[in-house]
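Each chain, written out:
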Amino acid sequence: MIDFHCHILPGLDDGPKTIEESIEMAAALQKAGFTAVYCTPHLIKGAYEADNDAVRTAAAVLQKRLNNENIGLELFPGREYYLDEFLSGYLENPLPLGGTNFIMLEFPIHISAELIKDACFLIKRRGFVPMIAHPERCGIFGMPQKRKTSWFQFTNSQRKAESSKPKESSILDYLKDLGCAFQGNLGSFIGLYGSQAQKTANHLRKMEIYTHFGTDLHSQSGIKYLREDLSFK
Ligand SMILES: [Fe+2]
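Residues numbered from 1 in each chain as written. Predicted model: local features only at pLDDT ≥ 70, side-chain atom pairs only at ≥ 80, totals over all residues.

Undergrad: A description of the environment of Ile-23 should follow, citing residues and the corresponding values.
TA: Locating Ile-23 in the fold gives a position in helix 1 (residues 19-31). The buried category is assigned to Ile-23, around which 21 C-beta atoms lie within 10 Å. With 46 residues separating them along the chain, Ile-23 and Glu-69 place their C-alpha atoms 8.7 Å apart. In contact with Ile-23, other than residues within four places in its own chain, are Arg-65, Leu-66 and Glu-69. (Helix = DSSP H or I, 4+ residues; strand = E, 2+ residues; numbered from the N terminus. Buried ≥ 20, exposed ≤ 12 C-beta atoms within 10 Å, placed from the backbone. Contact = placed C-beta atoms within 7 Å.)

Undergrad: Describe the environment of Ala-28, listing the residues and the values that go with them.
TA: Relative to the assigned elements, Ala-28 resides in helix 1. Given 20 C-beta atoms within 10 Å, Ala-28 falls into the buried group. Taking the C-alpha atoms as reference points, Ala-28 and Ser-221, separated by 193 residues in sequence, lie 8.9 Å from one another. Residues contacting Ala-28, with those up to four places away along its chain left out, are Gln-220 and Ile-223.

Undergrad: Would you mind going over the pairing of strand 6 (residues 102-106) in detail, with residue names and values included?
TA: With 5 of 5 residues buried, strand 6 lies mostly within the body of the structure. Residues of strand 6 alternate between two faces, with Phe-102, Met-104 and Glu-106 on one and Ile-103 and Leu-105 on the opposite face, all of them buried. Handedness of the strand 6-helix 4 (residues 113-125)-strand 7 (residues 129-133) crossover: right-handed. (Right-handed = clockwise from strand over helix to strand, strands pointing away.)

Right, dumping it as structure tokens:
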């Protein structure tokens, strides 16, 4: 199994603080059946700003320690980019996931479809493929709300207005058509981020949206919440 989203590198973001903690996480991941991990520390202006070389170096140093400790886990450097006004600057010299051309992108919880479309289009134009991190945790991909008023209680003009509203799936359709990848958090399917994210995750899985999965692990203790019988593909 491959973990496509993991905050395992020490001292770069809100993941482990020391390399010893990283090694514990790696051992736990290996025990859970993972053979490879994409190391995806946050890149958020003003909060976590380690540069690409720091990420590559941290991954290489940790890999060496894992080899010495006989922990058979292959590490690949990557990043979890945040969609804000600084993204386009960071994309001048991006760090994709390992040897792939995927750029992992995290959305703020509340964001407009237009900003998402612009960012993903920009990534494609630069020759990369956006991988949307945990879409189930983003409000815009949420489950459609049940209509409180019956369709029959609407006046004709209300029905017309309802029918002309954009469809729930339009942003997903756009991103799929653009060729984006979608990474689900394994913890979302068991309610680790609340019932709304869980419902959305199961809805998106039914729609066969997901192309990749990851733990989004930030500490060794987090792995105990992941069920062993989850489907990882
Ligand atoms: Fe993350």
